[in-house]
Structure formats: C-alpha cells, structure tokens
Amino acid sequence: MTNVTEEGRKRRELANFLRNRREKIKDIPKSFLGSSRRRTPGLRREEVAELAGVGSAWYTWLEQARDIQPSSEVLDRIGEALRLTLVEKRHLFCLAGKPIPSNFLTTVPALPESVKSFVENAIQAP
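Residues numbered from 1 in each chain as written. Predicted model: local features only at pLDDT ≥ 70, side-chain atom pairs only at ≥ 80, totals over all residues. Heavy atoms only, no water.

### Considering the overall build of the protein
Line of reasoning, step 1. The secondary structure content of the protein amounts to six helices and zero strands.
Line of reasoning, step 2. When the elements of the protein are put in sequence order from the N terminus, they spell out α-α-α-α-α-α.
Line of reasoning, step 3. Within the protein, the proportion of its 126 residues that are buried is 29%.
Line of reasoning, step 4. Look at the contacts in the protein between residues 6 or more apart in sequence, and 43% of them connect residues 24 or more apart.
Line of reasoning, step 5. With an accessible surface of roughly 8600 Å², the protein has 54% of that area assigned to carbon and sulfur atoms. (Helix = DSSP H or I, 4+ residues; strand = E, 2+ residues; numbered from the N terminus. Buried < 20%, exposed > 50% of the residue type's maximum accessible area, 1.4 Å probe, protein only. Contact = heavy atoms within 4.5 Å. Areas by Shrake-Rupley, 256 points an atom, 1.4 Å probe, with all protein chains shown as cover.)

Here you go:
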C-alpha cells in the first residue's frame, strides 16, 4: 500500500502541474472574455472545467490536491482544455497514476537519408 504522504505528494504535484499549465494559456477564448476583470493570468478554473466538461467544484478540488481519482477520459479532456502537448499529456497521466493510453505512445520517426548523410559527412570532415 502506498504511503499516505506519498499519495499527498503526488496529488500536490498534479495540482501544481494543472495550475501552472492553466496560468500559461495566453489566448483566452472570446466566449470567456467578459466585462469582469481578470486578476490572474490564463484561464480560470471554471473555464477549464467548462472546456473539459467537468464540474467547476470538482476541477477546483483537483487543483487543491484533494483525494479524488480522475478517469483517463477526464484527464484526456482536461489535457485538451489546457492545450497540453503529447509529452505534457503523458506527464499528466503519470502524475495522476493512470496508465498512458496507447494513442499517446508514439515512435520516433526515422531520420531522412539526407540528414544521415549530412551528419556522416560532417563527422568525417577534417
């Protein structure tokens, strides 16, 4: 069984990651730009919740590192709402203790022959 403090640490890491990514979003959808003044950078928690199709209280609890267990589907929707890259989504799943979906596993494309040839020639050059 996992240590309680270890579980709490993982929840805090997940919460910090979500908050950090939420605050980094620069281009706020126009539907969220109203007359109210934005006091913090990025999206608001309620906005992420709306984009992800989850309750705002539930998302707030997730960012507060409360003991809730998001499903893989919800994590994927949150990742989309936060515009996470594939690498960031994989990290999100790891922080949440969920297996990484197979569609997140990619192979590294092979280098084109022209690039391989260039590198080989550069190495052999005096």
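### Focus on the pattern of salt bridges
Line of reasoning, step 1. Tallying each qualifying case throughout the model produces 12 salt bridges.
Line of reasoning, step 2. We note a salt bridge from R19 to E63, for which the minimum N-O separation is 3.9 Å. Residue R19 is located in helix α1 (residues 4-24), and its partner E63 is located in helix α3 (residues 56-63); the two are separated by 44 residues in the primary sequence.
Line of reasoning, step 3. Given the relative accessible area of 24%, R19 is considered partly exposed. (Salt bridge = Lys/Arg side-chain N within 4 Å of Asp/Glu carboxyl O.)

### A short note on the packing of helix α4 (residues 72-81) against helix α5 (residues 86-95)
Line of reasoning, step 1. Packing of α4 against α5 leaves a shortest axis separation of 10 Å and a crossing angle of 140°. In terms of orientation, α4 lies oblique with respect to α5. In the crossing of α4 with α5, the sense of the turn from one axis to the other is right-handed. Facing α4, whose interface residues are S72, L75, D76, G79 and E80, α5 presents K89, L92 and F93.
Line of reasoning, step 2. Its residues placed into classes, the contact of α4 with α5 shows three nonpolar, two polar and three charged. (Axes fitted to C-alpha atoms, helices over the stretch in contact; angles between N-to-C directions. Parallel < 35°, antiparallel > 145°, perpendicular 65-115°, else oblique. Left-handed = near helix turned anticlockwise from the far one by under 90°. Nonpolar A, V, L, I, M, F, W, Y, C, P; charged D, E, K, R; others polar.)

### Comments concerning the nonpolar core
The tendency in soluble globular proteins is for nonpolar side chains to be buried side by side.
Line of reasoning, step 1. One finds L14, L18, Y59, L62, I78, L82 and L92 to be the most contacted residues of the largest nonpolar core, which totals 24 residues.
Line of reasoning, step 2. Looking at this core, the elements with two or more residues in it are α1, α2 (45-52), α3, α4 and α5.
Line of reasoning, step 3. Per element, the largest residue contribution to this core is four residues, and it comes from α4.
Line of reasoning, step 4. Contacts of L92, omitting those with residues within four sequence positions, involve L14, F17, L18, L75, G79 and L84. (Core = buried A, V, L, I, M, F, W, Y, C linked by side-chain atoms within 4.5 Å.)

It is worth stressing that arrangement in space is one thing and function is another; only the former is reported here.
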